[in-house]
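# Reading the structure
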Amino acid sequence: MKIQKLTTFLILFCVVLTACGEAKRPIDCPNTTWSCEAVGITFSVSDDGKIENASMLDKNGNTLQISLVFSDIEDGKVSITNSDGSEVYVSGTCQYDKDMFSIFVKDIFNPDLNIPSAKLTFERS
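Residues numbered from 1 in each chain as written. Predicted model: local features only at pLDDT ≥ 70, side-chain atom pairs only at ≥ 80, totals over all residues. Heavy atoms only, no water.

## Points about the overall build of the protein
Stated formally: A run of DSSP states H or I qualifies as a helix once it reaches four residues; a run of E qualifies as a strand once it reaches two. Both are numbered from the N-terminal end. Using a 1.4 Å probe on the protein chains alone, a residue whose accessible area is under 20% of its type maximum counts as buried, one over 50% counts as exposed, and one in between counts as partly exposed. Every residue pair with non-hydrogen atoms within 4.5 Å of one another is taken to be in contact. The method behind every accessible area is Shrake-Rupley, applied with a 1.4 Å probe, and residues are considered shielded solely by the protein chains displayed.
Helix and strand counts for the protein come out as 1 helix and 8 strands. Walking the protein from its N terminus toward its C terminus, one meets helices and strands in the order α-β-β-β-β-β-β-β-β. Across the 125 residues in the protein, those meeting the buried criterion constitute 34%. Put simply, of all contacts in the protein between residues at least 6 apart along the chain, 32% involve residues at least 24 apart. In the structure as shown, the protein presents an accessible area of about 7800 Å², 53% of it carried by carbon and sulfur atoms.

Here it is as structure tokens:
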């Protein structure tokens, strides 16, 4: 009986360790805030995995209300749109790590944006 409990505990412990180090999309990390200082993008993820309070700065320093749309983690695609999703500003692919992710910009559809690099790195704060 003792060996069975110990085995169960070790299996659960290994599962928890594996899950904690797993790369996830921001929307899979509830109650977090993310930012990319290079382009002035910030957003939060609610407890039910929805993007909230997303904004970015344009070339003139004006704040734009935005939304981010992440595909399945296997596809690795992302779009940055206006807040209602009717206009795509930026599209690209994502690489996910534990406490950060990077967008590799493929297309910029809004010339008023200040995107200085093809790689935008976001950190969890």
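## Things to note about the pattern of salt bridges
As a working rule, side chains carrying opposite charge can pair if their charged atoms are close by. Counted only if it meets this: We count a salt bridge whenever a side-chain nitrogen from Lys or Arg sits within 4 Å of a carboxyl oxygen from Asp or Glu.
Under the definition given, this model contains 3 salt bridges. The closest approach of N and O atoms between Asp28 and Arg25, which form a salt bridge, is 2.9 Å. We classify Arg25 as buried; its relative accessible area is 14%. The partner of Arg124 in a salt bridge is Asp99, and the shortest N-O contact between them spans 3.2 Å. Remark: Asp99 occurs in the loop between strand E6 (88-96) and strand E7 (100-108) and Arg124 occurs in strand E8 (residues 119-124); sequence separation between them is 25 residues. Residue Arg124 is classed as partly exposed on the basis of its relative accessible area, which comes to 32%.

All we've got here are geometric facts, nothing functional implied.
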